[in-house]
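Reading the structure
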Amino acid sequence: MTEPFATMVQLLNRFAADGDDGISMPLPGFAVMRHREPGRVRQEVYMPVLCLVLQGAKQVAVGEEAHLVGAGQALLVSMEVPVTASMDASEAQPYLAVAVDLDVALLDEVARQGGEAEALPSGGAIALLDRPCDRLLDCLGRIVALSGRPQEAAVLLPGLRRELHYLLLLGPLGPALRGRARPDSHHRRIGRAVALLRSAFHEPLPVVTLAHAAGMSASAFHYHFKAVTHLSPRQYQKQLRLLEARRLMRMEGASARNAAFRVGYASPQQFTRDHARHFGVPPRRGLYVEPEHAVAAE
């Protein structure tokens, strides 16, 4: 265990020692995750983020792509994608991780300021950083150290975020990140279609409409969309609808029928089937019960 990593673990264990399980955000764009319950499946949309696991491990799946992220490894997500995740945790050793939001436009700006360098094809929206370098860990550690110091954070955090993006570009994922950040890349084009899907997932969105947003032919769009997100456009939209319906039932007390119509389903029966297939259980009548296990939606 390197010194920057060990220091971060000590800082965060002290920070989280008396807190409840869950996610806390001590600074803008920075989160601490702590979970003691093993095996619980969580489904949500990941935004662009760098997540460093400090204790325990996390299994993350997007479509058919899966990563096991252990202590000392980092997961980099460069586009909004619906994921299924489960934690390896216990009372004795909780799952502990830190996450910093990524800004793809800032990556592009820093890459251009850093001069010309090879840019590789962008690849998928998630990647595993197996051994973050000490400089990157030190930068993350300085961000962690700003927790609870809002006046210092207001001055120092923007520079540290810029440094973090620069160090990512210098690392093993740098060439791929440069490819993802370029405005004309397939990754950025697919990102425009994803933004449309996220803003209008409850509406019918033909592939030709999404392809037009990406500036691609329908066939090229379908190929590149799945290459980047590991889901077809239809699967992506369905998962967004199911996640929003779950939120409506859980947080607003909506009935399954009402939630189905609000997220764009024409048939409550089809919604019930998709919910059962994706989350492993049908939507409950009355009080919504969070499912503990899930399988991937078709």
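Described in the following lines is the structure provided in the data block. Only a predicted model underlies this, so the values are computations on that prediction, with no experimental measurement involved. (Residues numbered from 1 in each chain as written. Predicted model: local features only at pLDDT ≥ 70, side-chain atom pairs only at ≥ 80, totals over all residues. Heavy atoms only, no water.)

As for helix α8 (residues 218–229)
As a reminder, the rule being used: A run of DSSP states H or I qualifies as a helix once it reaches four residues; a run of E qualifies as a strand once it reaches two. Both are numbered from the N-terminal end. Expected span of a helix: the number of residues minus one, times 1.5 Å. Using a 1.4 Å probe on the protein chains alone, a residue whose accessible area is under 20% of its type maximum counts as buried, one over 50% counts as exposed, and one in between counts as partly exposed. Starting at the helix axis, one direction is taken to each C-beta atom, and the arc is that of these directions. Note on contacts: a residue pair qualifies if any of its non-hydrogen atoms lie within 4.5 Å across the two residues.
With twelve residues, α8 extends 16 Å from end C-alpha to end C-alpha; this agrees with the ideal 16 Å at 1.5 Å per step. Residues F221, H224, F225, V228 and T229 constitute the buried set of α8. Axial view of α8: buried residues confined to an arc of 110°, hence all on one face. In α8, the exposed positions that point more than 90 degrees away from the buried face belong to S219 and Y223. Elements in contact with the buried residues of α8: β5 (57–62), β8 (81–88), α6 (186–199), α7 (207–214) and α9 (233–251). Downstream of α8 by a residue or two, H230 has a phi angle that is positive, lying close to 65°.

Details of the environment of P268
Structurally, P268 can be placed in helix α11 (residues 268–279). For P268, a relative accessible area of 13% gives the class buried. Residues P268 and R257 lie eleven residues apart in sequence; the distance between their C-alpha atoms is 5.4 Å. With residues up to four places along the chain from it excluded, the contact list for P268 reads R257, A260 and F261.

A look at the pattern of salt bridges
Let me state the cut-off plainly: The term salt bridge refers to a side-chain nitrogen of Lys or Arg lying within 4 Å of a carboxyl oxygen of Asp or Glu.
Taken as a whole and judged by the stated rule, the model has twelve salt bridges. Where E91 meets R36, a salt bridge forms, and the shortest distance between an N and an O atom there is 3.9 Å. Taken together, the residues span a long stretch of sequence, with E91 in the loop between β8 and β9 (95–101) and R36 in the loop between β2 (30–35) and β3 (41–46) at a distance of 55 residues. Overall, the relative accessible area of 60% leaves E91 in the exposed class. Note on R36: relative accessible area 26%, which makes it partly exposed. In this structure, R247 and E244 form a salt bridge, with 2.9 Å as the shortest nitrogen-oxygen distance.

A look at the packing of helix α3 (residues 134–145) against helix α4 (residues 150–170)
Note the threshold: To get an axis, a line is fitted to the C-alpha atoms, and for a helix only the part in contact is used. The angle between two axes follows their N-to-C directions and goes from 0 to 180 degrees. Comment on the angle field: the value is read as roughly parallel under 35 degrees, roughly antiparallel over 145, roughly perpendicular from 65 to 115, and oblique elsewhere. Take the far helix as your reference; a near helix turned counterclockwise from it by less than a right angle gives a left-handed crossing, and one turned clockwise gives a right-handed crossing. When residues are sorted by character, Ala, Val, Leu, Ile, Met, Phe, Trp, Tyr, Cys and Pro go into the nonpolar class, Asp, Glu, Lys and Arg into the charged class, and all the rest, Gly among them, into the polar class.
Where α3 contacts α4, the axes come no closer than 10 Å and their chain directions differ by 160°. On the basis of their axis angle, the class for α3 and α4 is roughly antiparallel. Seen from above, α3 lies across α4 with left-handed handedness. Here R135, L136, C139, L140, R142 and I143 of α3 lie close against α4, whose contacting residues are L157, L160, E163, L164, L167, L168 and L170. Per-class residue counts for the contact of α3 with α4 are ten nonpolar, no polar and three charged.

Digging into the sheet that holds β8
The test is simple: Criterion used throughout: strands pair if DSSP finds at least two bridges between them.
Judged by pairing direction, the sheet is antiparallel, and its four strands sit side by side in the order β3-β8-β5-β6 without closing on themselves. Each edge of the sheet is formed by a strand with only one pairing partner; in this case those strands are β3 and β6 (65–70). Going across the sheet, the axis of each strand differs from the next one's by a mean of 25°, ignoring polarity. Relative to β8, β5 is paired through five bridges, and the arrangement is antiparallel. Bridge assignment links Q59 to a residue of β8, and that residue is S86.

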